[in-house]
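Commentary on secondary and tertiary structure
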Amino acid sequence: MSTDRTHSVAVIGGDGIGPEVVAEALKVVAAAGVRLRTTPYELGAAHYLQTGEVLSDATLDELRAHDAILLGAVGPPVGSSEVPPGLLERGLLLRLRFELDLYVNLRPFTGTPGALAADCDFAVVRENTEGTYAGEGGFLRKGTPHEVATQGSVNTRMGVERCVRFAFELAARRAARRLTLVHKTNVLTFAGDLWQRVVDEVAPQYPGVSCDYNHVDAACIYLVEQPGRYDVVVTDNLFGDILTDLAGAVAGGIGFAASANLNPARTGPSLFEPVHGAAHDIAGTGRANPLAAIRSAAMMLEHLGEHAPAERIGKAVASYISEGPGAQGPPGSPVPSTVAIGDAVAERL
Ligand code: IPM
Ligand code: MN
């Protein structure tokens, strides 16, 4: 049963395959019986090139008023030079994460048949507002032979602790109840020390959760060779960015990977988006896999308190993946279209 509420959702389809996969996600949400009042926002590379707007203060304020934000993908085609590098990343995606205080980037992974990590079931809790992403640094003597470029990593006690606490809460609710801090404490001796101390201090409050630590380079090996050792991984912003691409690849492909940019304190809307990008090369061909967007929408429903529909969508996606006419079939086999996959998931609800 869904609640009888109507949730107000800002929808940023974005560029490339973004609008196509978001349309399927909204179709599945409707089929699950959840009522949304959606407001489309034209943001992204194409919108920037048309209007010069990356994200205005006025648009940001409008976004704040919604219960949640569903985003497809934003970005120009690979190799295009029309949009300056970093403009959309910093000006739109990261700005939303920072301004809306989306301090946890939650990325769950469950293996798909045939994947390297077919049986994996873990979640990465990525700190989403600090680290190297905070933008500390700058140039000195730019463009000269004596140029200096620095890029610092910002780690606050408050920022690390709230992320670590979220990860422990999540681990405590899961069957395996295992938390692994991933960092590089042997080299990043300041930031790593803070992260490890915070984990050590919070751990006694969660006696049912077992704690472990891996260096990030070793974690890359384990993700490939022993992914079953992970349940909840907590890590900093940049390590989390890199690890979740690897995790997506070993779990079956980035086309399945969902993410929730969460403001757990609920001082504003949270943002839900597939991990993949705009994939302009397949936009409009019907070859985009909408499952990551559908899973992201299910995470949105969970956050909005629509637990039963969220679970039903999760099960429908899992059933489609295990029984469906494989989006993950052998090379050369016909792959169902974006719309057909959305339909197939909706039919299973
Ligand atoms: C992601 C993306 C973003 C990030 C980019 C587009 C800014 O790679 O969500 O993982 O680095 O966080
Ligand atoms: Mn990334």
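What this report covers is the structure whose coordinates are included nearby. Quick caveat, the model's predicted, so the values are computed rather than measured. (Residues numbered from 1 in each chain as written. Chains lettered and ligands numbered in written order. Predicted model: local features only at pLDDT ≥ 70, side-chain atom pairs only at ≥ 80, totals over all residues. Heavy atoms only, no water.)

Applying the stated criterion across every chain yields a total of 19 salt bridges. Of the charged contacts in the structure, one is a salt bridge between Lys-184 and Asp-217, with a shortest N-O distance of 2.9 Å. Of this pair, Lys-184 sits in the loop between β8 (178-183) and α6 (191-202) while Asp-217 is found in helix α7 (residues 216-225), placing the two residues 33 residues apart along the sequence. The salt bridge involving Arg-348 is made with Glu-323; its shortest N-O contact spans 4.0 Å. Of this pair, Arg-348 sits in the segment after α11 (338-347) while Glu-323 sits in helix α10 (residues 307-323), and the two are 25 residues apart along the sequence. Classification of Arg-348 as partly exposed rests on a relative accessible area of 32%. In this structure Glu-323 comes out as exposed when scored by relative accessible area, which is 58%. (Salt bridge = Lys/Arg side-chain N within 4 Å of Asp/Glu carboxyl O. Helix = DSSP H or I, 4+ residues; strand = E, 2+ residues; numbered from the N terminus. Buried < 20%, exposed > 50% of the residue type's maximum accessible area, 1.4 Å probe, protein only.)

On to the site of ligand 1, then. Residues in contact with ligand 1, as listed here, are Glu-89, Leu-93, Arg-97, Arg-107, Arg-126, Tyr-133 and Asp-241. Tyr-133 is positioned with one of its side-chain polar atoms (N or O) 2.6 Å from an oxygen atom of ligand 1. Interatomic distance of 2.9 Å between a side-chain N/O atom of Asp-241 and an oxygen atom of ligand 1. The fraction of the free accessible surface of ligand 1 (310 Å²) that becomes covered by protein chains is 76%. Residues that form the shell around ligand 1 fall into these classes: two nonpolar, no polar and five charged. (Near = heavy atom within 4 Å. Polar contact = N/O pair within 3.5 Å; in protein donor to acceptor, adjacent residues only side chain to side chain. Areas by Shrake-Rupley, 256 points an atom, 1.4 Å probe, with all protein chains shown as cover. Nonpolar A, V, L, I, M, F, W, Y, C, P; charged D, E, K, R; others polar.)

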